[in-house]
Amino acid sequence: MTRLRDIISDGIILFAVSTAVVVVADLGFSYLKESGKTDSPMVASIDKNDLEGLREKLAKAPNAGAPDAQGRTPLAWAAYANIETAATLAETDGKRAAMITALLDKGADPNALDNDGWSPLMWAAWSGLTKSADILIQRGARCDIRDSKGHSALALAAARGFPEIVAELSTQDPAGRKSAMDAANAALSNGVIDEKTAAEIFRSLEK
Amino acid sequence: MFAFVTRYFSEFRILKSASRDFWLTNGIQFFDGLAYFSMITVLSLYLTTNCGFSDVDSGKWVGIYTLYITAFVFAVGSICDVIGIKRSLVIGISLLILSRLGLGVAPLFLRDDPLQLTVKGLIIVMSLGTAFMSPVIMTALRRYTSKETRATGFNVYYLLMNIGAVIANALIVDLMRTGKAFGLVVFKGFGNVTGNLVILDIGFGAAICALVCSLLLREHNWAEPSERNAVSTAKRPLHLFLEVWREKPFQKLVLFLVLTLGVRLVFTHQFLVMPKYYTRMLGSDFELGFANSINPIIIVIGLIVLIPVINRFATIKLIILGMAVSAFSLVFLAVPIDWVLRLPFLHNHEQAYYFIIVTQIVVFAVGELIFSPRFTEYIASVAPPDKVSSYMALSALPMFIAKPINGFISGILISRYCYDGIRPKIETGNVGYVHSPEFMWMIYLSLAVLSPIAVIALKGYLTRGDSQPPAPGTNAS
C-alpha cells in the first residue's frame, strides 16, 4: 500500500513537473508564434467540410471572416483543396460550392487577394473545384487577375489539367489564352497531364 | 541472405515451450501496436482537420502527449510489482479504450472550444494509458519466458511490434483514408476527415481485443520458478536520480544523451512533422501510411540480415556512423526543390517530392538500424556494474525535456514553412527557398548534424574510463 502511495505521489510530481515544462516552453515560444491556418473557427469548419458548422458561425459573425497570416480569407480557403483523386475532388467540390455560396451571401469579397496576389477564383482553378469556380464567376469574381508572377486563373487550371474550368475561363479571359497554352504545353511535357486532357484543354483555348 | 533468414527464424523453435501467457502478451502488444501506430500517424492531422487546432497547437499537443507518456512511464515503471501484471494491463488498456473511443467520436458531437477542451483531456488520459503498456508488457514477457527462451522471446516481441507498425500504417491508415492498400484500390475510403475518426475507432476496437487477451492472462505463472520469490529491487525514479546525479559517469552519460538529441529528435519528426509535410506537398489523399511503413519494413529486414554483420564493430563507431547517416538523410529534404528537378529522371514537382521523401525515409532507416540498437548498449557500458538499471531508467531524461520543445518548434516551423496551401505557391514560383519547406528541413538538418560532430569532438572524453567494454555481438534491440 505504501509503495502504491509512493508511485501515485511520484506520478503527481512528474505530472506537475511536465506541466511546468510545457508552461515554460509555451511562454518561451509565444513570441515566435504566428496565426495558424485554423485559428479562424470558420476555416476549421471549411477544413472539415462542415457546412452546418460554417453557417452557424456565419450567423453569429459580423462579417465573412478576416484574412490569415498568408492573407487568405475564409472564402479563399473554401476555394482550395489539395486532392489528387478525381472522385474525392468532385465530392469535395459539391460541399465547397455550398460553403462558397454561404460566404458570399454573408458579404465575402470574391476578389480579395492574398499576399501573393491570388484571388479565390485562382485557388479554385488550381484546386480543380469546377462548381466552386462557376459560382465565384457568377457572383462577380474577376477572371483577369494576375498574381505576382503573372499567373492567371486560366493558366493555373491549364497547368493542372482541369479542362472544364479552362473551357469556362477561356471565354472570360481571352487575353490569358496564350499563357494558358504555354502552361498546358509545359504540363504535358513534364508529365503532369496526359495527352487526352491536354487535347481537351487545347481545344477550349483555340475556340 | 537466405542463411541469415533461416538462422534468424530457426531460433524461434525454442518458443514451442513458451506458455499461453507469453503469446497472449504478444497479442496484447500486437493489438496495442496496431492502435498506437495508426493513431500516432494521423494525430497531428486529426487535431488540425477534425478538431480545428492551429498548426502550432497541434504540434504542441502531440509534444505534450509524448511528454506525459515519458513522465508517467517514470511513475508507473514499478507498478506491476505492487498491483500485478493483469491489473496493471486492465487499468492501462481501459484508459486507452476510454480515450480512443472519446477521440474517435468527440468531433461528431462537439465543436470549437468544448471539442478542443475534451480532446486535450482525452490526450492526457491516453498518455497515462500508453505509459502503462510498455513497462508492463516488458515485465510480463520477462515473467512468462524462461532464461533459455527470454532472448528469443524479446526478439519475437520486437519483430511483432514492427510488423504491427507496417500493418497499422499501410493497411489501417491508408485503407481508411484513401481506400488503398499498398497502392491497390480496395474501396472508396472514408476520406481525410472521416478517415481519421475511423482510424481512432479501429484503435478502440484493437484496445478491446487487447483487453480480452489481458483478462485471459494468469498472474501467478512464472516460467522461471526461481524468480517467483525474488524480491523486487526496483527503486522509485526520483530516488534513483537523487542517488546518481552527482556521479561522474552519470554526468558523462547525460552529456552524451544531450549531444545526440539532434539526431534522436528526427524520430519524433515522423509523427510531428511528416504527416503534414507529406499531405501538404503531395495532396491530402496521399498514402502517408505507406510512407510510414517503409521504415519498419527496413528495420525488420535489417534486423534479420544486417544486425549480425554490423555487431562486429565497436559501439561508439557504430553510433557515430549511424547518427551521421541519419542526420545526412535530411539533406535530401533540405536541398532546394529546383535543384532536385534538374535530375534527368524527374520532370515535375510531384515526382521530385516523392523522390526526396522516399530517399530520406530509406537512408534514415539505415542509419537508425546502425545506431539505435547500440544506444542502449552504450548506456550499459558507461554505467557502474551495480547501477546499470538506474542509468537505463534515467536515460530518457533529456528526451523528456526535448520532446515538448520539439513539439512547439515543429508547430511553429510548419505554420511558417509548410502551411496548408504552400504547394500551389511552390509550383508557381511564388515561394523562395528561405520561405519553403526545404528551409525548414535545413534548420532540422543543422540541429541533427551537430550530434555526430559533437560526439566525434568529445569521443575521447565520452569513452574514457568505460566501466566495461560492450560484449561483441550483443543486440540491445
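Here the structure is a predicted model, which means the values were calculated and not measured.

Peer 1: Just checking my understanding: could you explain the overall build of chain A for this structure?
Peer 2: In terms of helices and strands, chain A carries 11 helices and zero strands. For chain A, the succession of helices and strands along the chain, N to C, is α-α-α-α-α-α-α-α-α-α-α. On C-alpha atoms alone, chain A measures out to a radius of gyration of 23 Å, which is more than a quarter above the 17 Å that the 2.2 N^0.38 rule sets for 207 residues. In terms of overall dimensions, chain A has a C-alpha envelope of 85 × 40 × 30 Å along the principal axes. Counting the 207 residues in chain A, one finds 52% classified as buried. Of the contacts made within chain A by residues no fewer than 6 positions apart, 69% connect residues no fewer than 24 positions apart.

Peer 1: Before we go on, may I ask you to explain the overall build of chain B in this structure?
Peer 2: Helices and strands together make up the secondary structure of chain B, namely 22 helices and two strands. Whereas a compact globule of 477 residues would reach a radius of gyration of roughly 23 Å, chain B reaches 22 Å, a difference of no more than 12%. Along the longest, intermediate and shortest principal axes, the C-alpha atoms of chain B span 70 × 55 × 50 Å. Residue burial in chain B is summarised as follows: out of 477 residues, 60% are buried. Long-range pairs, those at least 24 residues apart, make up 82% of the contacts in chain B with a sequence separation of at least 6. Counting every atom, chain B has about 18,100 Å² of accessible surface; 69% of that belongs to carbon and sulfur.

Peer 1: Looking at this model, I keep getting lost on the packing of aromatic side chains. Mind explaining?
Peer 2: In this description, an aromatic ring pair is defined by two values, namely the gap between the centres and the angle between the planes. All told, the structure shown has 21 aromatic pairs over all chains when counted by the stated rule. Pairing A:W118 with A:W123 gives two aromatic rings, centres 4.9 Å apart and planes at 55 degrees, and the pair type is tilted. Plain terms: the ring middles of B:W441 and B:Y444 are 5.6 Å apart, the flat faces sit at 45 degrees to each other, and that makes the pair tilted. Of this pair, B:W441 and B:Y444 both sit in helix α21 (residues 437–457), three residues apart, roughly one helical turn. Assigned by exposure class, B:W441 and B:Y444 land together as buried. Here the aromatic residues B:Y277, B:Y278, B:F286, B:Y353, B:Y354, B:W441 and B:Y444 are joined through ring pairs into a cluster of three or more. Against the face of A:W126 rests A:R160, its NZ or CZ located 3.8 Å from the ring centre. Above the plane of the ring of A:W118 lies B:K425, whose end atom (NZ or CZ) is 5.2 Å from the centre.

Peer 1: Which parts of the structure should I look at to understand the side chain of A:S119?
Peer 2: Residues and elements named next belong to chain A. Structurally, S119 is set in the loop between α5 (86–105) and α6 (120–127). Look at S119 and you get buried, because its relative accessible area is 1%. For S119, the contacting residues outside a window of four places in its chain are A112, L113 and I145.

Peer 1: I keep staring at helix α2 (residues 20–50) of chain B and nothing clicks. Help me out?
Peer 2: The α-helix advances 3.6 residues per turn, and as a result positions three or four apart in sequence lie on the same side. Of all the bends in α2(B), the greatest measures close to 50 degrees and is centred on B:V42. The positive-phi residue at the C-terminal boundary of α2(B) is B:G52, with phi of around 80 degrees.

Peer 1: When you look at the pattern of salt bridges in this model, what are you seeing that I'm missing?
Peer 2: Pairing between side chains of opposite charge can happen when the charged atoms of each approach one another. Under the counting rule described, the total for this entry stands at 24 salt bridges over all chains. Ionic pairing is found between A:E56 and B:R111, a salt bridge with its closest N-O pair at 2.9 Å. Pair noted here: A:E56 is in helix α3 (residues 51–60) and B:R111 is in the loop between α5 (85–109) and α6 (112–143), and the two residues belong to different chains. When its relative accessible area of 27% is taken as the criterion, B:R111 is described as partly exposed. The salt bridge partner of B:K425 is A:D116, with a shortest N-O separation of 2.9 Å. In this pair, B:K425 sits in helix α20 (residues 422–427) while A:D116 sits in the loop between α5 and α6, so the two residues belong to two different chains. In this structure, B:K425 and A:D116 share a single accessibility class: buried.

Peer 1: Quick question: what am I supposed to make of the interface of chain B and chain A here?
Peer 2: Reports of interface size often rely on the accessible area that becomes lost once the parts have come together. Counting from both sides, the interface comprises 61 residues of chain B and, opposite them, 57 residues of chain A. Carbon and sulfur atoms supply 57% of the area that chain B and chain A bury against each other, a total of about 5,000 Å² over both sides. At the junction of chain B with chain A, the criterion picks out seven salt bridges. Across the pair B:D112 and A:K57 runs a salt bridge whose closest N-O atoms are separated by 3.0 Å. Inspection of the region where chain B meets chain A yields 22 residue pairs in polar contact (both at pLDDT 80 or more). Those elements that place two or more of their residues in the side of chain B that touches chain A are α2, α3 (55–76), α4 (79–83), α6, α9 (237–244), α12 (274–282), α19 (397–417) and α20 of chain B. Among the elements that make up the side of chain B that touches chain A, the one with the highest residue count is α3(B) (11 residues).

Analysis parameters
Residues numbered from 1 in each chain as written. Chains lettered and ligands numbered in written order. Predicted model: local features only at pLDDT ≥ 70, side-chain atom pairs only at ≥ 80, totals over all residues. Heavy atoms only, no water. Helix = DSSP H or I, 4+ residues; strand = E, 2+ residues; numbered from the N terminus. Rg over C-alpha atoms; globule rule 2.2 N^0.38 Å. Buried < 20%, exposed > 50% of the residue type's maximum accessible area, 1.4 Å probe, protein only. Contact = heavy atoms within 4.5 Å. Areas by Shrake-Rupley, 256 points an atom, 1.4 Å probe, with all protein chains shown as cover. Phe/Tyr/Trp six-rings, centres within 6.5 Å; stacked < 30°, edge-to-face > 60°. Lys NZ or Arg CZ within 6 Å of the ring centre and 35° of its normal. Bend = angle between axes of the 7 residues up to and from the residue. Salt bridge = Lys/Arg side-chain N within 4 Å of Asp/Glu carboxyl O. Buried area = accessible area lost by both parts, 1.4 Å probe. Polar contact = N/O pair within 3.5 Å; in protein donor to acceptor, adjacent residues only side chain to side chain.

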